[in-house]
Structures are given as C-alpha cells and as structure tokens.
Amino acid sequence: MKQFGALLRKDNQPVRYLVVDDSVFARKNLIKMIEMFGGELAGEAGDGLTAIAEYNRIKPDIVLMDITMPQMEGIESVERIVRQHADARIVMVSSVGYQENILAALQKGAKHFVQKPVKPEVLYEILRYVLSDDPNGAGAPVALAGESRS
Amino acid sequence: MSRNSDDRNSELRALFFESAAELLQSLNEAGLQLEARPSDEEVIRRVRRVVHTLKGDSAACGLHKLSELAHELEDVLTPEVARVHGADLPEVVLTAADSIGAMLSAYQKNAKPPAMHKLHAMIRRLLDTPGSTASSSSEAAQKPAHFAWTEYEQLMISEAVHRGDAVYNIALRIDPNSLMRAAAFQLIRNVLHGSGTVIALRPEDNVAAATVEVVEAALASTQSQEKLFHRCRIPSIVSEVHIERVTPSQMPEHELLGDMLEAQAAKVVAGSLEHAESDRTSKSPKPGSAAVAVAESTLRVDATRIDAVMNLVGELIIGKSMLHRTLAEFDKQHARDPVRGKLADAMAFQARILDELHKCVLKIRMVPVEQLFRRFPRIVRDVAKQCGKDVALEVSGQNTDLDKGILDALAEPLMHLVRNAVDHGVGSADERLAVGKPARGTVYLNAYHQGTQVVIEVRDDGRGIDLALLRARAVEKGIIKAEEAQRLSDQDALNLIFESGFSTAAEVTEVSGRGIGMDVVRTVMDRLKGTVHVTSQKGRGTTFQLRAPLTLASIQTLLFRVGGRLFAVPLSSVVEITRIADHEIHKVDQREVLRLRDQILTLVRLNHLSRLRSVDSPNAKKRNFVVVIGASEKRFGLVVDSLVGEEELVIKALPGEIVTTDLVSGASILGDGTVVLILNVPAILSRLSRATPLGAIA
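Residues numbered from 1 in each chain as written. Chains lettered and ligands numbered in written order. Predicted model: local features only at pLDDT ≥ 70, side-chain atom pairs only at ≥ 80, totals over all residues.

Asker: Residue-level account of the overall build of chain B, with values.
Answerer: Helix and strand content of chain B: 24 helices and 22 strands. Across the 698 residues that make up chain B, the buried fraction comes to 32%. Of all intrachain contacts in chain B linking residues separated by at least 6 positions in sequence, the fraction that spans at least 24 positions is 68%. (Helix = DSSP H or I, 4+ residues; strand = E, 2+ residues; numbered from the N terminus. Buried ≥ 20, exposed ≤ 12 C-beta atoms within 10 Å, placed from the backbone. Contact = placed C-beta atoms within 7 Å.)

Here it is in structure tokens:
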C-alpha cells in the first residue's frame, strides 16, 4: 500500500473536505482517499443543492464535486458556491465523456478536475496543487504545510 | 486499486454491489418511463445519469466489461438519438438493465460476465444512422511554433516590458495522457489568468485546443518566475513547462500604442463605411472584399434589434424613476429607518449602471455623419453640370457622430439644401466674375456637436438671398400682406422661405425651386425636434444651419403644469425661469407681453394656443411662473401654473390619429404612470409668429 505524506493546513490542522456525489459508492471511495491523505471529512452531499447548504455550514477547505447529479448539477452548484465564496476550492470529479460540463465548471470557477475512475496518486497531486495556490498570501487560511514527498 | 489494501477493496466491492442494485432498479423504472414518453428529454437525462454513475462506480471497482457497456450505452442516451429512434431507445435501455443485472450477479459470484453481443449490436444500430456519422475530423496538429505573436501582440508585450512589467513567454505541453484536451486548456487558461495578465495565448479558444499539444502564452506577472513555474505545472494536465522572461532588448521600441490603436480604429471605421456603401449600391456585397477583411470585429446587426434594446432601456429608465418616486415616499414615511440609506445606495448604484447602459446603447446607434456626406460630391457635381456651373464641395466634420435614425431623416432636407445652394445660391461663372469672385463657386458642408445637439451647416459663397425680392414674392403669393412685409424684420423675412408654396427662383428649374423644398426642410426638422436656421448676406452667400438632437430616444425636460395637465419642454430650449405678478403683464396688439430686463417677451398660454380645456383660470392667480423658451434666436415666455421639476423622459412617438395638433411632439410616461405631453417648441414658435400677428390684422 502506497504511503502519502499528509496534506495539512498552515495551522497544521487536517484539511477539511466536502464530498459531493450522488453515488454513495463514489463518495466512500473518495473519502477513503481523503483519509489516506490525512484529511478530515467535514461533510457529504448527494446533490448540488445540499452541497451549497453544506458548504455554507461547514466552510470546507476543499470540495470534491461530481458533475452529473440529480436536482442540481455540479456546474450550477459550482457557480453558486463561487459566487458567494470567491475563494472556494472546488475540484470536479467526472468521467471523460463530460468534457463540456467540466469546461463549463472550470469557467464558473472550479479549480481543477480529476477523471473517474479516480487514482489516488493523481488526486493527491491535484489536491496538493490546488491547496498550494495562495494568491492572497497570508489572506487565505489554507495552504500546504507538511510535505513528506517532493 | 491494487495498491490499496485488500480490506478496503472488499469493503468497496460490497458497497458497490449494494448501490449497483439500486441503480439497476432506477434504470428499470426510467426505462419504463421512457417507453411511455420516448421524447421526454428529462427522462433521457435521468437514464443517462444512472448509467453514468454505474459506469464510474464499476470502473473504480475494476469491472471493466460493465464499465465499457455503460459507456457505450451512455453514448446513445441523447435527445438526438431519441428523436431518430424514439421507439427503439426504451427497448435498448430495458435490455441493458437486464444485461447489467446478469453481469452484476456474475461478478458477485466472481464468475466471468456473459458476453452481451445482442445488446452491443442494438446499441451500434442506434449509433449507425446516416445522420449521426462519427466525427472523424482529425485536423492536422498545429506545429509548435515558438511564440510567434502577431504584430499587435508584440506591441502589447513591448508596451508592458517598457512600462517595467515582467513579461514571460510560457510554453506548456499538455499531458499526452490527458483525455480532455479542451478542459485541460481551460484549466491552463484559468491558471494563467490567475497569475497575471495574459497578453497573448495560443491556441486562442477551446475549440482549437482539442488537437493542440503545446499551449503558448505571453504573460505579464508580478509573481516570481519560480512561482509561475510551479503554478504552471498543473498535475495531470501539464507535463512540461518552459518559461522565459522577455527582456527589453528583445523588443524593439514601438510607436505609441495610442497611435497604433487610432490607426486600427480608423481602419475599422473606414471598413464599415465601405461596407455600408457597397450594401447600398448593390444588394449583394462582394465576398472577400477588403472591407470585410478589415472589419472583422464589426458586427452588422439588424437595426430593429438595436431599437428593441433601446426600447427596453427606455422602459428601465421609466422603472428607475418609478423606484425613485417610491423611495421618496418611503423617505417621508420612514425618515429614521436605516434601510433608507441602503436603498438609496442601491438605487444610486443601479442608476449609474443604467446610465452607462443607456449611453452604450446610444453609442451603438451612433454613426458618423460621413455616411450621409459621402453622397454629396456626386450630387453637387451632377446639379452643377445641369445648371452649367462650376461648383466645388468642401466637406468637414465628417466624423461627427449622430443617431442613425436622425441621420436618415436628415438626408432629405440636406439634399434639398445642397441642391438649392448649387442651383440658386451659387451664381453663374460670368455673374461671379463680374463681382470679383472666382469663377468656381464653393458649397461647404460642415457638422459638429454643440451641447446635446448636432449642427449641420450648408454654406455657399454665392449671391445671398435678396430680401426685397423675397418680401415681394411673399406678398405676391399671398403669404403675407404688403404692409406686413415692410414690418417684418430681416430675419423674419428670411424665414419666409420656409413657408409652404414659396420659391424665389424666377423660373422653376428642373433641379430645385419647385417651392416645396424649404417647406419640407422645416417639417422634417420640426419632427426631429430640431430647428433650421438661415442667415444670408447679400453678395456673400447663404448659410443654413440644421440643428437636431443627438438622439431621439430620450431628452432632459422641464416638467410643469398648466390647467391641471402635465407638460414637458426640452431642457435645452429653456433659457430661464422667472416669476411674475399679474400686473407686470401688458397687452400689446392683443398679445400678452412681459418686459423682462428691457426685452419684450411674448407670453404664451397653452390653454389659449390650443383648445385645451381650462380647468381653472390661471388669471385667478396672483403670481405666475414664466418659462422663457428659446429656439434659434427667438424667444417666448410660457405661462405655467406650477413647476414640477427636471426629468429625463423617454420619448414615445404618438400616432397621428391620436394627436391632431402639431404643438405636441411626443409623449412620455412618468414613473407613477402619468402621461406627459412634450411640447414642440418650433411649432409653437411658428404658430406664434404666424397666427397672432395675422389675427391682429384681420
């Protein structure tokens, strides 16, 4: 089993995640990975609408968001979250067939995307990249702290 | 998956079969729904979503056969396919549900999943339709040309470098394993835009990105090169990063950017003009003409669409004043409510944006007067030839912008004026030489902005208008009486040429002088809420000045009440407002006049002029407001009961059958729904100068 260096916040606390997917299985899969990366599951949502509510409630450091969901699709959810929280870090999770949607999500402010099936080492790198983006310097509470890999 | 612990795998597998059973159930339900409503796109989307989830989950679990099947199935679950094969699609979905069920139970028993030939064939049949051929357009991949920026981009880079900005040329190789090129490109774009100012980018859009391997950009950034390098190494997207800083020595010093832009803009304008011209002369403009090539960034839009936008903006402005009124009421009722301030702020913000929007839309409608002026060289030449004269045309102020609608309306009056100038204004060569002028006459066309008006002048260096002849002709035609003719001031006499049925040319010529031209000029200018003004010096020439508002859409007005009714006059025609007592009004020649700072001002009462029903007698009041209104150099005082205020009005045209008087040029609606009539100042003036003195004599 592969070891990943823990992804931590600047204050050495675990990174807090919100996992959004209508498939329970997909969520569990992602949560397993998050835990491998030393993260903390702050919340889960099965649709875009709940995702928005959860985001507002828990203010996670990272959102992993599926693109196709009932009630509200990922794109709209991204748009709404980013509109309210410009600093939101959302990583889209989707399969190759949904390029158009990924494109739209990126235009709405998603930070990155990862293809299904998600490989832990790919997701790890992506999260590391997204977390290290700290355009406002000290302004953002989240940035990468501990790194065991380089 | 193999890297993870076995524990985790088996746990995930169990979870997968659990959720897969649910998905299968949904798929069956959705399949039945689809059978009932084959073309319902929402149902198709639902099926697709279920299949999609199944695909993702099974792939994650390593069940590739199932994942592939789901993937194939997903491809046919589109509204397009449903339209072509409406009845077949539900059948496929239900068959697929059965097949997936069979595969799942096989997987669960760790058995080899059954082959699904029948289903695969069905899916293929749906895809192999003549209409939906697979997109096999594999464009030749672009060669990675290193930082081949256009001249314009180079200029921008050079500008930035010389300004002291750090500019980097960046080349990013898209990870060959990345299957979503367009999304990858979008992400690169996001990152670049987040790191500084992107001056140039190749490819330029997502469509082109599908086949591209290397993204090139010129980026002005305050971040360090090292930081940029890290930002650009986007995991799973970018496999290779190359960054070099652009040094000032690499970039030659260019001319000022402003000059360049101006030249560019001039080119575009020239292009669009040429385009418009070719449109007028031939209905089918030649493709590939130079104009088309230059005016790439110019859109040609149906004028009615712009008018529609204009109208909506007009409605918004009404809405704005509606809000303002409501806010004012709110202010009165809840003077201490803190919400008031917030509302006012929000209103101010909205008003500012609306103002900008309004200006933008107005600008869209603006065209340079050149569009109109361009046709005159030819007209002057033709008319001069017919009259046997030598006349040159000098044009200036072609770049003056004005509303397209007004420009079009001005075409006819201007045509008359120019023809007249050549035909009547400029004398024959012999005549000119006799008075010491060059044989060649000149007609000048000029345009410029003045306040909120545009002025167009037609001037000739001809013989000028003979006032004595003019008076004589007016009497002869029965337009005025002989004794009246002598009383007329020179300017009033000059204005006689605008009376209908008047022409001073001794002979009616083929070109002009039918005696209708000048009349038309004034009619059109009245309609445009503009004015026409003529000055003439005998032997020196004549000048016609057309003044029109920059736009017809909205005007700043002064609102006032007369006889209980609300009226408006254009603010631009208001000279001053004064208060007078009744005893200051004198009667001269049956006219009410007022002595205002040693000037005699004719007073007008709206309820006298038109047959407005007088609700209450204004004479009963001790003091009245007088609004002094001026058009051209004429003035009159409008007696009003009360002043309401200034307001920007959006003019709504009034159909002729509703309004029979020419004293009203249009109407508007206030925020509270009140209808306001907008007075036609020139019409009142002409009514004044005609009706009252004639009435006094008769």
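Back to the text.
Asker: Now, about the overall build of chain A: what can you tell me, with residues and values included?
Answerer: Counting its secondary structure elements, chain A contains 5 helices and 5 strands. Order of helices (α) and strands (β) in chain A, N terminus to C terminus: β-α-β-α-β-α-β-α-β-α. Classification of the 150 residues of chain A by burial places 49% in the buried group.

Asker: Mind laying out the confidence of the model for chain A, listing which residues take part and the relevant values?
Answerer: Residues and elements named next belong to chain A. Here chain A averages 83 in pLDDT, while 87% of its residues score no lower than 70. Here helix α4 (residues 99-108) stands out as the element of chain A with the lowest mean pLDDT, 87, in contrast to strand β1 (residues 16-20), whose mean of 94 is the highest. A low-confidence stretch, residues 136-143 stays under pLDDT 50, and its non-local contacts, those more than four residues away or across chains, total 11 contacts. This model gives residues 145-150 a pLDDT under 50, and the stretch forms 10 contacts once residues within four places in sequence are excluded. (pLDDT = per-residue confidence, 0-100.)

Asker: Any details on the sheet that holds strand β2 (residues 197-202) of chain B? Residues and values, ideally.
Answerer: Residue and element names in this part refer to chain B. Within the open sheet, the 4 strands sit side by side as β2-β3-β1-β4. Their pairing is antiparallel. Each of the sheet's edge strands pairs with one partner strand only, and the pair in question is β2 and β4 (238-246). With direction set aside, neighbouring strand axes in the sheet form an average angle of 20°. Helix α7 (residues 151-163) rests against β1 (167-174), β2, β3 (214-220) and β4 of the sheet, and its axis sits at about 150° to β2. (Pairing = 2+ DSSP bridges. Axes fitted to C-alpha atoms, helices over the stretch in contact; angles between N-to-C directions.)

Asker: Summarise the packing of helix α16 (residues 376-387) of chain B against helix α17 (residues 404-425) of chain B; cite the residues concerned and give the values.
Answerer: Residues and elements named next belong to chain B. Contact geometry for α16 and α17: axes closest at 9 Å, N-to-C directions at 35°. By crossing handedness, the relation of α16 to α17 is classed as right-handed. Side by side, α16 and α17 meet where Phe 376, Ile 379, Val 380, Val 383, Ala 384 and Cys 387 of the first sit next to Met 415, Val 418, Arg 419, Val 422 and Asp 423 of the second. Taken together, the residues that form the contact of α16 with α17 break down as 9 nonpolar, no polar and 2 charged. (Left-handed = near helix turned anticlockwise from the far one by under 90°. Nonpolar A, V, L, I, M, F, W, Y, C, P; charged D, E, K, R; others polar.)

Asker: So, α7(B): which residues are in play, and what are the values?
Answerer: Look at α7(B): 18 Å from first C-alpha to last across 13 residues, which is about the 18 Å you get at 1.5 Å a residue. Within the sequence span of α7(B), burial applies to B:Gln154, B:Leu155, B:Met156, B:Ile157, B:Ser158, B:Ala160 and B:Val161. (Expected span 1.5 Å × (residues − 1).)

Asker: So what's going on with the pairing of strand β11 (residues 541-549) of chain B? Which residues, and what values?
Answerer: Residues and elements named next belong to chain B. For β11, the buried fraction is high: 7 of the 9 residues fall into the buried class. Pairing of strand β9 (residues 453-460) with β11 involves 8 bridges; the strand directions are antiparallel. Within the sheet, the bridge partner assigned to Arg 459 lies in β11 and is Thr 543.

Asker: Could you give an account of the sheet that holds strand β6 (residues 391-396) of chain B, with specific residues and numbers?
Answerer: Across a sheet, strands are paired by hydrogen bonds formed along the backbone, either parallel or antiparallel in direction. Residues and elements named next belong to chain B. As summarised here, the arrangement of the 5 strands in space is β6-β8-β9-β11-β10, forming an open sheet in which the pairing is mixed. Only two strands of the sheet have a single neighbouring strand rather than two, namely β6 and β10 (531-537). Averaged over all neighbouring strand pairs, the angle between strand axes comes to 15°, with direction disregarded. Here 8 bridges tie strand β8 (residues 441-450) to β9, and the two strands are oriented antiparallel to one another.

Asker: If you had to explain the interface of chain A and chain B to someone new, which residues and values would you point to?
Answerer: With 31 residues of chain A at the interface, the matching set in chain B holds 29 residues. For the side of chain A that touches chain B, the secondary-structure elements that each account for two or more residues are α1 (24-36), α4, β5 (112-115) and α5 (120-132) of chain A. Element by element, the count of residues in the side of chain A that touches chain B is highest for α1(A), at 6 residues. Looking at the side of chain A that touches chain B residue by residue, the class counts come to 16 nonpolar, 9 polar and 6 charged.

Asker: Can you tell me about the packing of helix α2 (residues 48-58) of chain A against helix α3 (residues 74-84) of chain A, naming the residues and giving the values?
Answerer: Residue and element names in this part refer to chain A. In contact at an axis separation of 9 Å, α2 and α3 are set at 25° when each is read in the N-to-C sense. The angle between α2 and α3 falls in the class roughly parallel. Pair α2 / α3 crosses with right-handed handedness. Of α3, the residues touching α2 (which contributes Gly 48, Ala 51, Ile 52 and Tyr 55) are Gly 74, Glu 76, Ser 77, Arg 80 and Ile 81. A per-class count over the contact of α2 with α3 returns 4 nonpolar, 3 polar and 2 charged. (Parallel < 35°, antiparallel > 145°, perpendicular 65-115°, else oblique.)

Asker: Which residues make up the confidence of the model for chain B, and what values do they have?
Answerer: Note: predicted coordinates in regions of low pLDDT should not be interpreted at a detailed level. All names here are of chain B. In this model, chain B carries a mean pLDDT of 76, and residues with pLDDT of at least 70 account for 79%. The model gives residues 253-260 a pLDDT under 50, and that stretch makes 7 contacts with residues more than four places away or in other chains. Here residues 692-698 scores under 50 on pLDDT; set against residues more than four positions off or in separate chains, the count is 6 contacts.

Asker: Would you mind going over unusual backbone geometry in detail, with residue names and values included?
Answerer: Leave glycine aside and you will find that most residues have negative phi; peptide bonds, for their part, are mostly trans. Residue and element names in this part refer to chain A. Cis geometry is found at the peptide bond from Lys 116 to Pro 117, where omega equals -5°. Along the polypeptide, Pro 117 turns up in the loop between β5 and α5. The residue Asn 12 is not glycine, and still its phi comes out positive at about 65°. As for its position among the elements, Asn 12 is in the segment before β1. Even without being glycine, Lys 59 reaches a positive phi, approximately 45°.

Asker: Tell me about α2(A), and please be specific about residues and values.
Answerer: Residues lying three or four places apart along an α-helix face the same way, a consequence of the helix completing one turn every 3.6 residues. Residue and element names in this part refer to chain A. All buried positions along α2 are accounted for by Gly 48, Ala 51, Glu 54 and Tyr 55. The arc enclosing the buried residues of α2, seen along the axis, measures out at 110°, which places them on a common side. Among the exposed residues of α2, those oriented more than 90 degrees off its buried face are Ala 53, Asn 56 and Arg 57. Looking at the buried side of α2, the elements it contacts are β1, β2 (40-45), β3 (62-66) and α3. (Arc of directions from axis to C-beta.)

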